[in-house]
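This is what each chain is made of:
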Amino acid sequence: MNVKYIKNPFGPVLGFTEDSQVKILEENGRFFKNLSKSGVLEPYEDWRLTPEERAKDLARRLTIKEIAGLMLFTSHISIPSVGVRAQQYDGQPFEKSGKESFDLTDDQKEYFEKSLIRHSLITKVQSTAVMAKWNNNVQAIAENYGWGIPVMNSSDPRHGINDDTEFNEGSGGNISQWPESLGLAATFDPEVVRKFGEVAAQEYRALGLTLTLSPQADLGTEPRWMRVIGTFGENVQLVRDMTRAYVDGFQTTPNTSGWGIQSVIAMAKHWPGGGSGESGRDAHFGYGKYAIYPGHNFDNHLVPFSDGAFNLENGTKKVGTIMPYYTISFDQDAVNHENVANSYSKYLITDLLRHKYNYDEVVCTDWCITGDEPTSMMSLTSGDHCWGMEDGYTVAERHYKILQAGVDQFGGNKDPEPILEAYQLMVKDYGKEATEKRFRLSAYRILKNMFRVGLFENPYIDPVQSTSEVGKLEFKRAGLDAQIKSIVMLKNKKSTLPLDDSKVKVYIPKRYYPEKTGWYSEKIPGYSDYPLNRTLAA
């Protein structure tokens, strides 16, 4: 695919494909993409206006079906699509299809062309170049449809080593490797975390990623919780400071007052704090539905959000997106006294998050919470996490309840029909004018983030340039420095450390990883491998 660029002498670079239907308009020496193909410069196409002004203009133009597409978010996409969740290419598995690694699957074409989805979640990628080419293929589809709304690609954390969890699948590969969040917290230095965010944002943008499903601003107060490693620990003040630095690093374009073409939208999670699961059980599973707060410590879990993610030092001011957790925050609804999962709770989303803490950005559910519950509370794959709404509700009614609560997006949902049904239910209860206003408010919030990071001007990336950027030596060295700084020495008996370099020999044996069952009930065979990169260790 050939991508053409126009370097604006007084503004941003414009990117579009050689076969694009998009017109280029010129006004007083400035160039603009006419994504609407109208021949007239619409306000949302005018990069001289603010993201807020542009989002407001475009939101009023969209049909309800187009808004439903904005509210959807794909499930996990690997590129190429292989493995336990593999999709097909022209009705065949990738290995037999004859397709290139960067070609779109049948499902992906359905997502972006028919369902009008404009948010994707990317996991493993074969290489940086393959990801860049896949991104360009997707953006070419989006550019030529309707209003030319680009696709916002996202990722769970990618910079760790462990990639065997559902929420960490993209980790490893050639990207720079850093400590997990708990290791970053062990540096006790927010500047290390800020530096991580800055480096990670550059690598994300080179991969075509503009949204990170992180940080975990949860307090790690329950050591039995399997996701403690993704938190910044249990100390309220430390988690607050690390969360603020993390979001500032990701969202701030260098040498600007805030948003720009190097920014990556952060999604702080999991409101109002996911580390409070009863007995450390996790809410991905039916046995972990409830969050409890012994000692009446609910307010402590809010601090990393209210005084961290919502109180940034740099110009973006607040985290761009919030994700509530699956849990039912038990007996915390002081108004309606409902015990429903956080995304269903009008008290937690509207009364507390939006009104008390004045948060008017995007709220996106955690993945897959609107379908029927699993057939077993031990299962992750036989149903959805609709805790508190299991009985007596249709899928459309669950969507409606979430919209009433004040949420904007449905993580992992790919079908627009339940949203369109929810729209009709809302029209019946509140009338068409009020319902359209509610839907356009969500569209405005979602579009605003896209304008903030420059996607409407240029969503394309150069595979060659991206390959030289992702995992470059200075980024890997910074990650290694952070790993070293994260080591906490408990005792230095007889001043053994530091060692004399001339006498040091380090033996790194292979480790055996036994067979196990994965998140999706697949069998993972045992294997032997080195526990760390021996080249870096040398």
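Details of the structure are given in the entry above.
Remember, predicted model here, so these are calculated numbers, not experimental data.

Asks: Would you explain the overall build of the protein in this entry?
Replies: If you tally the helices and strands in the protein, you get 16 helices and 17 strands. Against the compact-globule benchmark of 24 Å for 538 residues, the protein has a radius of gyration of 23 Å, which places it among compact chains. Projected onto its principal axes, the C-alpha coordinates of the protein cover approximately 75 × 55 × 50 Å. Taking all 538 residues of the protein together, the buried fraction comes to 56%.

Asks: Where do I start with the environment of Val192 in this structure?
Replies: As for its position among the elements, Val192 is in helix H7 (residues 190-206). With 122 residues separating them along the chain, Val192 and Asn314 place their C-alpha atoms 16 Å apart. Ignoring any residue separated from it by four or fewer positions in sequence, one finds Val192 in contact with Trp178, Leu184, Thr187, Ala482 and Lys485.

Asks: I tried to follow a nonpolar patch on the surface on my own but got confused; where do I start?
Replies: On the surface, a cluster of nonpolar side chains totalling about 460 Å² of accessible area is made up of Met489, Leu497, Leu499, Val504 and Val506. Here Val504 lies in the loop between helix H15 (473-486) and strand S14 (511-513). Val504 gets classed as partly exposed once you look at its relative accessible area, which sits at 35%.

Asks: I tried to follow the packing of helix H12 (residues 417-430) against helix H13 (residues 432-452) on my own but got confused; where do I start?
Replies: Packed helix pairs are characterised by how far apart their axes lie and by the angle those axes make with each other. Running from N to C, H12 and H13 cross one another at 135°; their axes reach a closest spacing of 7 Å. Classified by the angle between their axes, H12 and H13 sit oblique to one another. The interaxial crossing formed by H12 with H13 has right-handed handedness. Across from Ile419, Tyr423, Met426, Val427 and Tyr430 in H12, the residues of H13 making contact are Lys432, Ala434, Thr435, Glu436, Arg438 and Phe439.

Asks: What exactly am I supposed to notice about the nonpolar core here?
Replies: One broad rule of soluble globular proteins: the nonpolar side chains tend to lie buried together. Ranked by internal contacts, the top residues of the largest apolar core, which has 123 residues, are Trp134, Trp271, Ile322 and Leu447. Dropping the residues within four chain positions of it, Trp134 is found in contact with Ile77, Ile79, Phe102, Asp103, Leu104, Gln108, Phe112, Ser120, Ile122 and Asn153. Listed in part, the 5 residues of the second largest apolar core include Phe167, Phe285, Trp519 and Tyr520.

Asks: Just to check I follow, could you spell out the packing of aromatic side chains for this structure?
Replies: Between two aromatic rings, the relevant description is the distance of the centres plus the angle of the planes. Counted by the stated rule, this structure contains 26 aromatic pairs. For the pair Tyr44 and Trp147, a centre-to-centre distance of 6.2 Å together with 80° between the ring planes defines the contact as edge-to-face. Residue Tyr44 is found in the loop between strand S4 (30-34) and helix H1 (51-61), and its partner Trp147 is found in the loop between helix H5 (128-143) and strand S7 (152-155); the two are separated by 103 residues along the sequence. According to the relative accessible area criterion, Tyr44 is buried, its value standing at 0%. Seen from their ring centres, Tyr423 and Phe439 are 5.2 Å apart, and the 85° between their planes marks the pair as edge-to-face. In this pair, Tyr423 is assigned in helix H12 and Phe439 in helix H13, connecting sequence segments 16 residues apart. One aromatic cluster is present, formed by Trp178, Phe196, Tyr204, Phe232, Tyr246 and Phe250 through successive ring pairs.

Asks: Which parts of the structure should I look at to understand the environment of Arg354?
Replies: Structurally, Arg354 is set in helix H10 (residues 346-356). By relative accessible area, Arg354 is classed as buried at 8%. Taking the C-alpha atoms as reference, Arg354 lies 27 Å from Glu222; in sequence the two are 132 residues apart. Those residues in contact with Arg354 that sit more than four places away from it in its chain are Ile349, Tyr359, Asp360, Glu361, Val363, Gly406, Asp408 and Arg445. Here the side chain of Arg354 touches Gly406 through a polar contact of 2.9 Å, landing on its backbone oxygen. Within polar-contact distance, the side chain of Arg354 engages the side chain of Asp408 at 2.8 Å.

Asks: Hey, could you run me through the pairing of strand S6 (residues 119-125) in this one?
Replies: Two faces make up the sheet, and in a regular strand the side chains alternate between them. With 5 of 7 residues buried, S6 is to be regarded as a mostly interior element. Sheet topology places strand S5 (residues 76-79) next to S6; 3 bridges connect them, and they run parallel. Its bridge partner being in S6, Ile77 is matched across the sheet by Ile122. Where S6 meets S7, 4 bridges bridge the pair, whose relative direction is parallel. Among the inter-strand pairings, His119 is bridged to a residue of S7, identified as Met152. You can see the chain leave S6, run along H5 and come back into S7, and the turn it takes is right-handed.

Asks: Explain the sheet that holds S6 to me, please; I cannot follow it from the model alone.
Replies: Sheets are built from strands paired through backbone hydrogen bonds, the pairs being either parallel or antiparallel. Strand order in the open sheet made by the 7 strands is S5-S6-S7-S8-S9-S11-S13, with parallel pairing throughout. The open sheet has two edge strands, S5 and strand S13 (362-363), and neither has a second partner. Sheet topology places strand S11 (residues 321-324) next to S13; 2 bridges connect them, and they run parallel. Paired with Thr321 across the two strands is Val362, which belongs to S13.

Asks: Can you help me understand unusual backbone geometry in this one?
Replies: Put simply, Lys269 and His270 share a cis peptide bond, and its omega is 10°. Following the sequence through the fold, His270 ends up in strand S9 (residues 265-271). Residues Trp271 and Pro272 are joined by a peptide bond in cis, for which omega reads 0°. As for its placement among the helices and strands, Pro272 is situated in the loop between S9 and strand S10 (290-291). Although it is not a glycine, Lys37 adopts a positive phi angle of roughly 60°. Relative to the elements of secondary structure, Lys37 occurs in the loop between S4 and H1. By relative accessible area, which is 22% here, Lys37 ends up partly exposed.

Asks: I would appreciate a short explanation of the pattern of salt bridges in the present structure.
Replies: When the charged atoms of two side chains with opposite charge come close together, those side chains can pair. One pass over the structure, following the stated rule, counts 31 salt bridges. Between Asp351 and Lys346 there is a salt bridge whose closest N-O contact spans 3.8 Å. Look at Asp351 and you get partly exposed, because its relative accessible area is 22%. A salt bridge links Asp408 to Arg445; its shortest N-O distance comes to 2.8 Å. Of this pair, Asp408 sits in the loop between helix H11 (395-405) and H12 while Arg445 is found in helix H13, placing the two residues 37 residues apart along the sequence.

Rules behind the numbers
Along each chain, residue indices are assigned from 1 in the same order as the chain's sequence is written. Side-chain atom pairs in this predicted model are given and counted only at pLDDT of 80 or more, local residue features only at pLDDT of at least 70, and totals for whole chains, interfaces and linings cover all residues. By convention in this description, side-chain values take in all heavy atoms of the structure and omit both hydrogens and water. The numbering of helices and of strands both runs from the N terminus, where a helix is a DSSP run of H or I of at least 4 residues and a strand a run of E of at least 2. Only C-alpha atoms enter the radius of gyration, while the globule expectation follows 2.2 Å times N to the 0.38, with N the number of residues. Relative accessible area decides the class of each residue, using a 1.4 Å probe on protein chains only: under 20% of the type maximum gives buried, over 50% gives exposed, and in between gives partly exposed. Residue contacts are defined here by distance: any two heavy atoms, one from each residue, within 4.5 Å place the two residues in contact. Two distance rules govern patches: like charges are joined within 9 Å, and nonpolar side chains (Val, Leu, Ile, Met, Phe, Trp, Tyr) within 5 Å, applied only to residues with over 30% relative accessible area and no salt bridge. Computed by Shrake-Rupley with a 1.4 Å probe, the accessible areas treat only the displayed protein chains as cover when residues are assessed. Salt-bridge detection follows one rule: a side-chain nitrogen of Lys or Arg within 4 Å of a carboxyl oxygen of Asp or Glu. A fitted line through C-alpha atoms represents every axis, and for helices the fit uses only the stretch in contact; the resulting angles, taken between N-to-C directions, go from 0 to 180 degrees. Orientation labels follow simple angle bins: below 35 degrees gives roughly parallel, above 145 gives roughly antiparallel, 65 to 115 gives roughly perpendicular, and whatever is left gives oblique. If you view the pair so one helix is near and one far, a crossing is left-handed when the near helix is turned anticlockwise from the far one by less than a right angle, and right-handed when it is turned clockwise. As used here, the term nonpolar core means buried Ala, Val, Leu, Ile, Met, Phe, Trp, Tyr and Cys residues forming a set that is joined through side-chain atoms within 4.5 Å. We call Phe, Tyr and Trp rings a pair once their centres come within 6.5 Å, taking the six-membered ring for Trp, and we label the pair stacked below 30 degrees between planes, edge-to-face above 60, and tilted otherwise. For this analysis, a polar contact is any N or O atom pair within 3.5 Å, provided that within protein one partner can donate a hydrogen and the other can accept it, and provided that sequence-adjacent residues contribute only side-chain to side-chain pairs. Only strands joined by at least two bridges in the DSSP assignment are considered to pair. By the criterion used throughout, a crossover qualifies as right-handed when its path from the first strand across the helix to the second strand runs clockwise, the strands pointing away from the viewer.

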